[in-house]
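The primary structure of each chain is shown beneath.
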Amino acid sequence: MDILAINAGELRDKIEFYTTTATKDDAGGYATSTKTLAFDMLCKVEVEPSKRTFEGSKVEYIDTWKIKMRYETGRIPNESHLAKFNNEFLSIIGVKNVMNRNLVLELTLVKK
């Protein structure tokens, strides 16, 4: 399979990308954040095996997703966006422009 081509039939999942804005509370702190829809796209979602991390003496397992999507100018997500998939907000930890050809983007998402 060509890594620079995504067939239209593989783009089955809709993912929404949000920007977040910190909102001050009455005491002057930043207690809440407001999420605003930036754009949405059809993507190919692949579930990755859980990754094991160590926090001190605690072992945690992180759920990870690999997303493939078409490159579209003006609709390119970055690490500051939040992704919403299956009514869950996920953090973007990596954005890769496959072979720097501006055809396919590969994202890595983790559950926050």
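Conventions we followed
- Throughout this description, residue numbers start from 1 for each chain and increase along the sequence as written.
- At least 70 in pLDDT is required for a residue's local features to be given in this predicted model, at least 80 for side-chain atom pairs to be given and counted, and no such filter applies to totals for whole chains, interfaces and linings, which use all residues.
- Side-chain calculation: all heavy atoms of the structure are included, whereas hydrogens and water are not.
- By convention in these notes, a salt bridge is any Lys or Arg side-chain nitrogen within 4 Å of a carboxyl oxygen on Asp or Glu.
- Starting at the N terminus, helices and strands are each numbered in turn, a helix being any DSSP run of H or I of at least four residues and a strand any DSSP run of E of at least two.
- Strand pairing requires that DSSP identify at least two bridges connecting the strands.
- Exposure categories follow from relative accessible area, calculated using a 1.4 Å probe and restricted to protein chains: below 20% of the type maximum is buried, above 50% is exposed, and the middle band is partly exposed.
- Should any heavy atoms of two residues lie within 4.5 Å, those residues are counted as being in contact.

1. Some details on the pattern of salt bridges
Between side chains of opposite charge, a pair can form when the charged atoms approach closely.
Step number 1: Following the criterion strictly, the structure yields 8 salt bridges and no others.
Step number 2: The shortest N-O distance in the salt bridge between Lys111 and Asp63 comes to 3.7 Å. With Lys111 in strand E6 (residues 104-111) and Asp63 in strand E3 (residues 58-70), this residue pair connects regions lying 48 residues apart in the sequence.
Step number 3: Residues joined by salt bridges that share partners form a network here, namely Glu10, Lys44, Glu46 and Lys66.

2. Brief notes about the pairing of strand E4 (residues 82-85)
Step number 1: Both strand E1 (residues 13-24) and E4 contribute to a ladder of 3 bridges, which runs antiparallel. From the neighbouring strand, Glu16 faces E4, where its bridge partner is Lys84.
Step number 2: Alignment of E4 against strand E5 (residues 88-97), held across 4 bridges, turns out to be antiparallel. Note on E5: the bridge partner recorded for Ala83 is Leu90.
Step number 3: Between E4 and E5, which pair antiparallel one after the other, the connecting turn spans 2 residues, and Asn86 there sits at a positive phi close to 55°.

3. Remarks on the environment of Leu105
Step number 1: Take Leu105: it is sitting in strand E6.
Step number 2: With relative accessibility at 2%, the residue Leu105 sits in the buried group.
Step number 3: Put simply, Leu105 and Thr21 are 84 residues apart on the chain and 25 Å apart in space, counted from C-alpha to C-alpha.
Step number 4: Not counting residues up to four positions away in its chain, the partners in contact with Leu105 are Ile67, Lys68, Met69, Tyr71, Ile76, Pro77, Val95, Lys96 and Asn97.

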